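Spelled out, the chains give:
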Amino acid sequence: MSNHLLSPAAPDPVAALLDARLSGRALTAFPAPVPATLAEAYAAQQRLTTALGAPVCGWKVGRIPPALIKVLGAERVAGPVLRIAELDGDVPGEAAIFEGGAGAIEAEVMLRLRAVPDRLTGSDDGAAWVDEIRAGFEVASSPVPDVHDHAPYGIIADVGINNGLLLGPRLDIDDFAALTVETKIDGVTVGTGRAIDVLDGPWGSLNFLVDLHRRGVIELKPGQWISAGAITGVHPIGIGSAATARFGSAVHIACTAIAETGFKP
């Protein structure tokens, strides 16, 4: 009989994240080992996306912490969108967040891809590749309460901490990026801004995703929705709280935070 003992299996953070998302139960902390490079983080993201077993219906874009931009040579991160819901007029939508995890709401413009460009030739070239633009919310929630302490690697690995998009009314392609957006949580204004003022704007977000697509990091497809970045900021929200956002004077969207009960492909 051999005296050699079997070494314990190395911990797998993707397995822990998968179990948490499928069950709807929060973890106590980000599962070790946390990815240490962008390549490792996107590889973990691809594994988790595949394991969740749902088609990728879009991509979210987030920002890298300013202190790391020069170090990493990037300003944005990407994550897959695996669930989308339509907002029905003035009836608030439901934003599912992990109880005990991290939960936030972000007012964003949503771009639907008509086709996938080989490359964008200018900052305003994106309009040629988009057939619809909507106001909407990104539901940014993770079962990991300290996920932001591990930005950007932990955020990327945990599918960009995206937990769905809520699609509101259409916006005019000629002026959507310059509309003033105001977000409120429980009636209190928490942020204002314009999409055009976030880095190099929505078309810059699309260009970033196109570059990742061309390098084989992600796969863009016609019909996918692009959540182009938080316009007024990333606003923490608790279960039972209500969020509203106004895009200009005419477009208004609303949602209420509910408890995540577990991802279902």
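Let me begin by describing the structure that accompanies this report. Note on numbering: residues in each chain are counted from 1, in written sequence order. Local features in this predicted model are restricted to residues whose pLDDT is 70 or higher, and side-chain atom pairs enter the listing and the counts only when it is 80 or higher, whereas totals over whole chains, interfaces and linings include all residues. Excluded from the side-chain calculations are hydrogens and water; all other atoms, namely the structure's heavy atoms, are used.

Considering the overall build of the chain
Link 1 in the chain: Along its length, the chain carries five helices and 13 strands.
Link 2 in the chain: Restricting the calculation to C-alpha atoms gives the radius of gyration, and the globule rule supplies 2.2 Å times the number of residues raised to the power 0.38. A compact globule built from 265 residues should have a C-alpha radius of gyration of about 18 Å, and the chain, at 19 Å, falls within 12% of that.
Link 3 in the chain: Taken along the three principal axes of its C-alpha coordinates, the chain extends 75 × 45 × 35 Å.
Link 4 in the chain: Among the 265 residues that make up the chain, the fraction classed as buried is 51%.
Link 5 in the chain: Any two residues whose heavy atoms approach within 4.5 Å are treated as being in contact. Taking all contacts inside the chain whose residues are at least 6 apart in sequence as the whole, residues at least 24 apart take part in 75%.
Link 6 in the chain: Summing over all exposed atoms, the chain offers an accessible surface of approximately 12200 Å²; the carbon and sulfur share of this is 54%.
Link 7 in the chain: Considering the chain, the positive charge centre built from 20 side chains and the negative charge centre built from 30 side chains are found 3 Å apart. Under the scheme used here, helices are H or I runs from DSSP no shorter than 4 residues and strands are E runs no shorter than 2 residues, and both carry numbers assigned from the N terminus. Remark: exposure states derive from per-residue accessible area (1.4 Å probe, protein chains only) relative to the maximum for the residue type, with buried under 20%, exposed over 50%, and partly exposed in between. The Shrake-Rupley method, run with a 1.4 Å probe sphere, supplies the accessible areas, and residue values consider only the shown protein chains as cover. Positive: Lys, Arg. Negative: Asp, Glu. His and the chain ends are not part of the count. All charge positions are set by atom: Lys at NZ, Arg at CZ, Asp at CG, Glu at CD.

Thoughts on the nonpolar core
Link 1 in the chain: As used in this record, nonpolar core signifies buried Ala, Val, Leu, Ile, Met, Phe, Trp, Tyr and Cys residues forming a set joined through side-chain atoms within 4.5 Å. With 50 residues, the main nonpolar core has Phe-137, Leu-209 and Phe-247 as its most contacted residues.
Link 2 in the chain: The biggest single contributor to this core is helix 5 (residues 201-214), with six residues.
Link 3 in the chain: With residues near it in sequence (within four places) discarded, Phe-247 still touches Ala-107, Glu-108, Val-109, Ala-135, Gly-136, Leu-171, Leu-179, Thr-180, Val-181, Ile-231 and Ile-253.
Link 4 in the chain: With 20 residues, the next largest nonpolar core counts Ala-102, Ala-140, Ala-151 and Ile-161 among its residues.

A look at the state of the cysteines
Link 1 in the chain: Note that a disulfide, as used here, is simply two cysteine sulfur atoms within 2.5 Å. In the structure shown here, the tally under the stated rule is zero disulfides.
Link 2 in the chain: Cys-255 supplies the cysteine sulfur nearest to Cys-57, a cysteine that is in no disulfide, at a spacing of 17 Å.
Link 3 in the chain: For Cys-255, a relative accessible area of 0% puts it in the buried group.

So, empty space enclosed by the protein
Link 1 in the chain: Grid points spaced at 1 Å and placed over the protein atoms alone form the basis of the search, with a cavity being a set where a 1.4 Å probe fits but cannot get out and a pocket an open set showing protein on both sides within 12 Å along at least five of seven lines. Lining residues have an atom within 4 Å of a point. Grid points are joined across faces, edges and corners, and a volume is the space filled by probe spheres set on the points. Enumeration according to the criterion identifies three cavities of 30 Å³ or more in this entry.
Link 2 in the chain: The wall of the largest cavity is formed by Arg-21, Leu-52, Leu-82, Arg-83, Phe-98, Val-159, Asn-162, Asn-163, Gly-164, Glu-260 and Phe-263.
Link 3 in the chain: Of the residues forming the lining of the largest cavity, the biggest block, three residues, is contributed by strand 7 (residues 162-170).
Link 4 in the chain: Ten residues, namely Ala, Val, Leu, Ile, Met, Phe, Trp, Tyr, Cys and Pro, are considered nonpolar, four, namely Asp, Glu, Lys and Arg, are considered charged, and the remaining ones, Gly among them, are considered polar. In the lining of the largest cavity, the residues fall into five nonpolar, three polar and three charged.
Link 5 in the chain: Of the volumes computed, that of the second largest cavity is approximately 50 Å³.
Link 6 in the chain: The wall of the second largest cavity is formed by Val-61, Gly-62, Arg-63, Arg-76, Val-198, Leu-199, Ser-205, Ala-228, Gly-229 and Ala-230.
Link 7 in the chain: The dominant element in the lining of the second largest cavity, judged by the number of residues it contributes, is strand 1 (residues 58-63), at three residues.

A closer look at the environment of Leu-48
Link 1 in the chain: Inspection of the secondary structure assignment puts Leu-48 in helix 2 (residues 38-52).
Link 2 in the chain: Considered as a pair, Leu-48 and Ile-156 are 108 residues apart in the sequence and their alpha carbons are 11 Å apart.
Link 3 in the chain: Beyond its immediate sequence surroundings of up to four residues, Leu-48 is in contact with Val-14, Leu-17, Leu-18, Ala-157, Asp-158 and Val-159.

Some remarks on the packing of aromatic side chains
Link 1 in the chain: Classification of ring pairs rests on two measures: the distance between centres of Phe, Tyr or Trp rings, Trp counted by its six-membered ring, which must be within 6.5 Å, and the angle between planes, read as stacked under 30 degrees, edge-to-face over 60 and tilted in between. Enumeration over the complete set of coordinates arrives at one aromatic pair.
Link 2 in the chain: Centroid distance Phe-176 to Trp-203: 5.7 Å. Interplanar angle 75 degrees. Geometry classified as edge-to-face. Placement of the pair is Phe-176 in the loop between strand 7 and strand 8 (181-185) and Trp-203 in helix 5, with a sequence separation of 27 residues.
Link 3 in the chain: Judged by relative accessible area, Trp-203 falls into the buried class, the value being 12%.

A short note on the packing of helix 1 (residues 13-23) against helix 2
Link 1 in the chain: For helices, the fitted line uses only the C-alpha atoms of the stretch in contact; every axis is such a line through C-alpha atoms, and the angle between N-to-C directions lies from 0 to 180 degrees. Where helix 1 contacts helix 2, the axes come no closer than 10 Å and their chain directions differ by 40 degrees. By the criterion of interaxial angle, the relationship of helix 1 to helix 2 is oblique. Along this stretch, helix 1 crosses helix 2, giving a crossing that reads as right-handed. Within the contact between the two elements, helix 1 uses Val-14, Leu-17, Leu-18, Arg-21 and Leu-22 and helix 2 uses Ala-44, Arg-47, Leu-48, Ala-51 and Leu-52. The cut-offs work like this: below 35 degrees is roughly parallel, past 145 is roughly antiparallel, 65 to 115 is roughly perpendicular, and the gaps in between are oblique. Handedness of a crossing is defined here by the sense of rotation of the near helix relative to the far one, left-handed for an anticlockwise turn of less than a right angle and right-handed for a clockwise turn.

Quick notes on the pairing of strand 4 (residues 93-97)
Link 1 in the chain: For strand 4, a buried count of four out of five residues is recorded, marking the element as mostly surrounded by other parts of the structure.
Link 2 in the chain: In this sheet, strand 13 (residues 251-259) lies alongside strand 4 in parallel orientation, the contact comprising five bridges. Of the residues in strand 13, the one forming a bridge with Glu-94 is Thr-256. Any two strands between which DSSP finds at least two bridges are classified as paired.

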